[in-house]
Amino acid sequence: MTRNHKLIAQALAVLVAIVVVALAPGYLDLFTVMQLTLFASMAVLSLSLAFIWGFGGILSFGQSAFFGLGGYAYAVAVGNFGDSTPAIVLAILVPALFAGALGYFVFYGRISDVYLGVITLTVTLILFNVVNSTAGNEYTIGSVRLGGFNGIPAIQTFNMPFDPSDILYPEHAWWVTGGLLIVVYLGLRLLIGSTFGRIAIAVRENETRAALLGYDPRLVKLGVFVIGGAIAGLAGALYVNWGAFVGPTIFSLSLSAEIIIWITVGSLGTLVGPILGCVLIQYLVSQIGTQQTFNSNLVLGVILVGFVLLLPKGIVLSIQQAFEHLAYWWGQRKSTLPSSSLDVPAMEGEKG
Amino acid sequence: MSELVPLLQTKNLTMRFGGVVANDDVNFTLGEMELRCLIGPNGAGKSTFFKMLTGQLTPTSGSVTFRTHSIAGHASHEIARLGIGIKTQVPNVFNEISVREHIWLAARRAHATGPRIREAVDEVLERARLTGIADAIVGQLSHGQRQWVEIGTVLAADPELILLDEPAAGMTDDETGRTAEIIREINRTKALIVVEHDMEFIKMIAKKVTIFHQGRILMEDDCAAVLADERVRDIYLGKKVAA
Ligand SMILES: Nc1ncnc2c1ncn2[C@@H]1O[C@H](COP(=O)(O)OP(=O)(O)O)[C@@H](O)[C@H]1O
Ligand SMILES: [Mg+2]
């Protein structure tokens, strides 16, 4: 596919997504709309790692740490302010700042990529344990009790901006969540095409070369990591809004691992893929949950192994490649001119 | 060319890797707009020297001064911004990125944004003869083509001092000639240090030559004098210089 084809495909996908988000509540029952709201909030989380891993080359094993911080920040803030507007802002800011501090330590401390995985994983475990042990009354922020392993129940959900008396109905919450998923997708698309995004891809490809051209890889990676943390935090707020509850299990390693599976299945290095992978797998897991024959973790494991072995590039890139082969074959049939392999429009650092 | 105000100067520059002394008390001076060839057998310490000049290695001891800046141990990106560019011995490119994007990434630091950068990119593509493969992904190119991409990328950043570590390796005779031509062309306005093994190539470009041997500077003289020197012949015995 050429650049133009790709752009048209992307614009069409966004258009379809907007229509689906707008019309879904009119055609689907409330249960399904709620289900979709959950999937969309998780898809935002998926995008956060898709960006830092796929475009920044940073594999974090603890993306759920930022997700959980966002969720708790929202819960605590909305409980104190009584208005979801500043709470959503804090749900983005708190994890972003945390990612800034953690990222500074990791990237400026010249800690190798392997340890980055270990550190993010450990931080998630620590957060789980810390929050899990806040059961006593003394662990209260403002008027909100953290509640330890019981979590924070009955959290106030989204209201109209700056109007706490106007709480959103589930259909509206779906519009907000689905709409924000589209906004985050578009924002990341623009970011990846911007100067910063192009430099981030260069750093992903070769840090030494980027540095020898005058770019500071540490700063670029820190920027990418913070943006990823902010998006994961937003996803946390959306998730808490969906369930009106947050507990320490939000800082779970299995969720962090699951995001990696979503992205691997959907295609690393794309944005559509991780959304697709997330929704498909979540749907599958929810279906498995209704029967007793198979354990869902087992199925997830089988899916991951299957993809790594059979379709390592994931769904989106595999389809794209098939199209490219088809177009190439079509072009060969139409023209007898031998075309150099270099003339085939190849994929760029920014793929899907 | 002013010998009084050196562009680059190292004093007692030393690099040890455990017991290996890769650079030993190197005192090296390069004038503005000078072209210097650096030769020496494998393991003589040439690449290590370049790595210390570009912040890829922090010297064990000694100093590096670029114009008025003391740069030993500084981060690579800071040194790059001061105006030192390098083509490394092991190709350092962005594999999944197109040729044009490489040139753009390098040029945008040096040039104002807008249409000027487009012009600059096209010009470098033309100069490095990369226009025909500008949209190719660099990971899919041949070794020789990747060398040119890296040279083009270094040119696009428009540095004051260009370091080329074995630029002609893996190139055809024709491409080697083109490399020599470009080096002379760059040298009209910029200073260069070129590491090469190929003596024919050295003869094409060299004015002054510095010989590295076991981490030390063995001698420094005009090309002809160096090639006539017996010690140099000994070091290179059986290599191309004997031919
Ligand atoms: N990172 C390193 N660790 C240990 N030894 C090294 C390292 N880099 C280079 N050396 C050693 O330093 C010496 C000089 O190497 P190098 O600078 O690559 O030589 P040249 O470029 O002249 O062939 C060699 O003996 C090499 O083995
Ligand atoms: Mg070398």
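Per an unreviewed UniProt entry, chain A goes by the name Amino acid/amide ABC transporter membrane protein 2 (HAAT family) and belongs to Breoghania corrubedonensis.

Chemist: Please clarify how the overall build of chain B should be interpreted in this entry.
Modeler: When you go through chain B residue by residue, the secondary structure sums to 9 helices and 10 strands. In summary, chain B has a C-alpha radius of gyration of 18 Å against a globular reference of 18 Å for 243 residues, a match within 12%. Classification of the 243 residues of chain B by burial places 54% in the buried group. Sequence-distant contacts, at least 24 apart, represent 67% of the contacts inside chain B between residues at least 6 apart. Here chain B displays about 10500 Å² of accessible surface, and carbon together with sulfur accounts for 48% of that area. Seen as two clouds, the 28 positive and the 32 negative side-chain charges of chain B have centres 3 Å apart.

Chemist: Please explain empty space enclosed by the protein as it appears in this structure.
Modeler: Over the atoms a probe the size of a water molecule is rolled, and this reveals where empty space is left. Residue and element names in this part refer to chain B. Applying the stated rule across the entire model yields 1 cavity of 30 Å³ or more. Within this model, the largest cavity holds a volume of roughly 40 Å³. Along the walls of the largest cavity sit Trp148, Ile151, Leu155, Ile162, Leu164, Thr179, Ile182, Ile183 and Ile186, which together make up its complete lining. Where the lining of the largest cavity is concerned, the elements lending two or more residues are helix H5 (143-156), strand S7 (161-165) and helix H6 (173-186). Of the residues forming the lining of the largest cavity, the biggest block, 4 residues, is contributed by H6. In terms of residue class, the lining of the largest cavity is made up of 8 nonpolar, 1 polar and no charged. Two domains each put at least three residues into the lining of the largest cavity: domain 1 (1-83 + 162-182 + 191-243) and domain 2 (90-158).

Chemist: Quick question: what am I supposed to make of the sheet that holds strand S5 (residues 69-70) of chain B here?
Modeler: Across a sheet, strands are paired by hydrogen bonds formed along the backbone, either parallel or antiparallel in direction. Residue and element names in this part refer to chain B. The antiparallel open sheet is built from 4 strands, whose spatial order is S2-S1-S4-S5. One side of each edge strand has no neighbouring strand; the edge strands of this open sheet are strand S2 (20-30) and S5. Along the sheet, helix H1 (residues 46-53) contacts strand S1 (8-17), S2 and strand S4 (61-66); its crossing angle with S1, the most-contacted strand, is approximately 115°.

Chemist: Any chance you could explain the coordination of the magnesium ion (ligand 2) here in plain terms?
Modeler: Octahedral metals with six donors have ideal donor angles of 90 or 180 degrees. Tetrahedral metals with four donors have an ideal donor angle of 109.5 degrees. At 2.0 Å from the magnesium ion (ligand 2) lie its protein donor atoms, namely B:Ser47 (OG) and B:Gln89 (OE1). Of the two residues, B:Ser47 is situated in helix H1 and B:Gln89 in the loop between strand S6 (84-87) and helix H3 (99-110); the sequence distance between them amounts to 42 residues.

Chemist: Got a minute to help me understand a nonpolar patch on the surface in this structure?
Modeler: All names here are of chain A. A grouping of Phe81, Val89, Leu90, Leu93 and Val94 is seen on the molecular surface, where their side chains present a nonpolar patch of about 400 Å² in accessible area. The element that contributes the greatest number of residues to the nonpolar patch is helix H4 (residues 84-108), accounting for 4 residues. Within the secondary structure, Val94 sits in helix H4.

Chemist: Teacher, can you tell me more about the side chain of A:Thr264 here?
Modeler: The topology assignment puts A:Thr264 in helix H10 (residues 253-266). Those residues in contact with A:Thr264, other than ones at most four positions away along the chain, are A:Trp53, A:Leu304, A:Val308 and A:Gly314.

Chemist: Got a minute to help me understand the site of ligand 1 in this structure?
Modeler: Residues and elements named next belong to chain B. Every residue near ligand 1 is listed here: Phe17, Val20, Ala22, Pro41, Asn42, Gly43, Ala44, Gly45, Lys46, Ser47, Thr48 and Gln89. Gly45 is positioned such that a nitrogen or oxygen atom in its backbone is 2.9 Å from an oxygen atom of ligand 1. With respect to ligand 1, the backbone of Lys46 contributes an N or O atom lying 2.8 Å from an oxygen atom. In isolation ligand 1 offers 560 Å² of accessible surface; the protein chains occlude 60% of this area. For the shell around ligand 1, the secondary structure elements donating two or more residues are S2 and H1. Of all the elements, H1 adds the most residues to the shell around ligand 1, at 3 residues. Tallied by class, residues from the shell around ligand 1 come to 5 nonpolar, 6 polar and 1 charged.

Chemist: Explain the nonpolar core to me, please; I cannot follow it from the model alone.
Modeler: For soluble globular proteins, the rule of thumb is that nonpolar side chains tend to be buried together. Counting 145 residues, the largest nonpolar core has A:Leu45, A:Tyr74, A:Ile152, B:Leu130 and B:Val209 as the members making the most contacts within it. Counting residues domain by domain, this core receives three or more from each of domain 1 (1-83 + 162-182 + 191-243) and domain 2 (90-158) of chain B. Among the nonpolar cores identified, the runner-up in size contains 27 residues, and B:Leu7, B:Leu38, B:Leu53 and B:Ile84 belong to it.

Chemist: Can you walk me through the confidence of the model for chain B in this structure?
Modeler: Should the pLDDT be low somewhere, the predicted coordinates at that spot are not to be read in detail. All names here are of chain B. With 95% of its residues at a pLDDT of 70 or more, chain B shows a mean pLDDT of 89. Confidence, read as mean pLDDT per element, is least for helix H9 (residues 230-235) in chain B (80) and greatest for H1 (97). Here the predicted complex carries an ipTM of 0.92, next to a pTM of 0.91.

Chemist: Help me understand unusual backbone geometry, please; the structure alone is not making it clear to me.
Modeler: Excluding glycine, most residues fall at negative phi; most peptide bonds, likewise, are trans. A positive phi angle, near 60°, is found at A:Phe162, a position not held by glycine. Within the secondary structure, A:Phe162 sits in the loop between strand S3 (159-160) and strand S4 (163-167). We classify A:Phe162 as exposed; its relative accessible area is 65%. Positive phi, normally seen in glycine, also occurs at B:Met33, with a value near 60°. Counting through the fold element by element, B:Met33 comes out in the loop between S2 and strand S3 (35-39).

Chemist: What's the story with the interface of chain A and chain B in this structure? I'm lost.
Modeler: The accessible area lost on association of the parts is a frequent measure of interface size. With 24 residues of chain A at the contact, the number on the chain B side is 33 residues. Buried surface at the junction of chain A and chain B, both sides included, amounts to about 2400 Å², of which 59% is carbon and sulfur. Contact with chain B buries surface across chain A, with A:Arg209, A:Leu212 and A:Leu213 losing the most and accounting together for 27% of the total. The interface formed by chain A and chain B includes 2 salt bridges. The salt bridge involving B:Glu150 is made with A:Arg209; its shortest N-O contact spans 2.5 Å. At the boundary of chain A and chain B, one finds 13 residue pairs in polar contact (both at pLDDT 80 or more). It is helix H7 (residues 195-205) of chain A that contributes the most residues to the side of chain A that touches chain B, 7 residues altogether.

Basis of the calculations
- Residues numbered from 1 in each chain as written.
- Chains lettered and ligands numbered in written order.
- Predicted model: local features only at pLDDT ≥ 70, side-chain atom pairs only at ≥ 80, totals over all residues.
- Heavy atoms only, no water.
- Helix = DSSP H or I, 4+ residues; strand = E, 2+ residues; numbered from the N terminus.
- Rg over C-alpha atoms; globule rule 2.2 N^0.38 Å.
- Buried < 20%, exposed > 50% of the residue type's maximum accessible area, 1.4 Å probe, protein only.
- Contact = heavy atoms within 4.5 Å.
- Areas by Shrake-Rupley, 256 points an atom, 1.4 Å probe, with all protein chains shown as cover.
- Lys, Arg positive; Asp, Glu negative; His and termini not counted.
- Charge placed at Lys NZ, Arg CZ, Asp CG, Glu CD.
- 1 Å grid on protein atoms, 1.4 Å probe; cavity = no way out; pocket = protein on both sides within 12 Å on 5 of 7 lines; lining within 4 Å.
- Points joined across faces, edges and corners; volume = space filled by probe spheres on them.
- Nonpolar A, V, L, I, M, F, W, Y, C, P; charged D, E, K, R; others polar.
- Domains from an automatic or database assignment.
- Pairing = 2+ DSSP bridges.
- Axes fitted to C-alpha atoms, helices over the stretch in contact; angles between N-to-C directions.
- Donors = N, O, S within 2.8 Å, 3.2 Å for Na, K, Ca; no water.
- Patch = residues over 30% accessible without salt bridge, like charges linked within 9 Å, V, L, I, M, F, W, Y side chains within 5 Å.
- Salt bridge = Lys/Arg side-chain N within 4 Å of Asp/Glu carboxyl O.
- Near = heavy atom within 4 Å.
- Polar contact = N/O pair within 3.5 Å; in protein donor to acceptor, adjacent residues only side chain to side chain.
- Core = buried A, V, L, I, M, F, W, Y, C linked by side-chain atoms within 4.5 Å.
- pLDDT = per-residue confidence, 0-100.
- Buried area = accessible area lost by both parts, 1.4 Å probe.

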